[in-house]
Amino acid sequence: SSDLFHDKEIHLVTVPDDKGEAFALTHLKKAEDLLKRAGLNPICKSLPGIPEDVISSYVEDEKISMLLLGAYGHSRIRQFLIGSTTTEMIRRCHVPLMLFR
């Protein structure tokens with residue numbers, strides 16, 4: 001509802017895994033509806049692939065000027081073995097990031 005976003009182009013992007021596409025699309029729709037009720041008109045996309053690759057390419061291709069990203073905490077062992085999408089976005093995206101936890 002902040003006026004800060006009313007004159008901005010807003011993109012909502014999800015990159016679901018193979019098992020979670022229906023879940024991701026449900027949440028994408030909820031987020032879209034919330035933004036529309038606030039008077040915004042977001043561009044919504046569900047894109048296939050590896051999140052780190054897809055999101056960083058999307059940011060570059062669409063000339064996104066700021067990335068807002070949900071950050072989820074995982075155990076140190078999981079992060080060491082698998083990595084973190086959030087950490088990879090910080091490395092790859094050369095735009096300001098705002099993280100929500």
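Source: prediction; values computed, not measured.

Basis of the calculations
- Residues numbered from 1 in each chain as written.
- Predicted model: local features only at pLDDT ≥ 70, side-chain atom pairs only at ≥ 80, totals over all residues.
- Heavy atoms only, no water.
- Helix = DSSP H or I, 4+ residues; strand = E, 2+ residues; numbered from the N terminus.
- Contact = heavy atoms within 4.5 Å.
- Patch = residues over 30% accessible without salt bridge, like charges linked within 9 Å, V, L, I, M, F, W, Y side chains within 5 Å.
- Areas by Shrake-Rupley, 256 points an atom, 1.4 Å probe, with all protein chains shown as cover.
- Salt bridge = Lys/Arg side-chain N within 4 Å of Asp/Glu carboxyl O.
- Buried < 20%, exposed > 50% of the residue type's maximum accessible area, 1.4 Å probe, protein only.
- Core = buried A, V, L, I, M, F, W, Y, C linked by side-chain atoms within 4.5 Å.

### Digging into the environment of Glu 52
Residue position: Glu 52 is located in helix H2 (residues 51–61). Residues Glu 52 and Ser 84, 32 residues apart in the sequence, show an inter-C-alpha distance of 9.1 Å. If near-sequence neighbours (up to four positions away) are discounted, Glu 52 is found in contact with Ser 84, Thr 85, Glu 88, Met 89 and Arg 92.

### A look at a nonpolar patch on the surface
Judged by side-chain polarity, Met 66, Leu 68, Met 98 and Phe 100 come together as a nonpolar surface patch covering roughly 350 Å² of accessible area. Among the structural elements, Leu 68 can be located in strand E3 (residues 67–70). Its relative accessible area of 38% is what places Leu 68 among the partly exposed residues.

### Overview of the nonpolar core
Side chains that are nonpolar tend, in soluble globular proteins, to be buried together. Counting 12 residues, the largest nonpolar core is built from Val 15, Leu 47, Val 54, Ile 55, Tyr 58, Val 59, Ile 64, Leu 67, Leu 69, Met 89, Cys 93 and Val 95. For this core, the secondary-structure elements that each account for two or more residues are H2 and E3. The element best represented in this core is H2, accounting for four residues. Leaving out residues up to four positions away in the same chain, Leu 67 has contacts with Ile 55, Val 59, Met 89, Cys 93, Val 95, Pro 96, Leu 97 and Met 98. In terms of nonpolar packing, the next biggest core, distinct from the first, is built from five residues, Ile 10, Leu 12, Leu 28 and Leu 35 among them.

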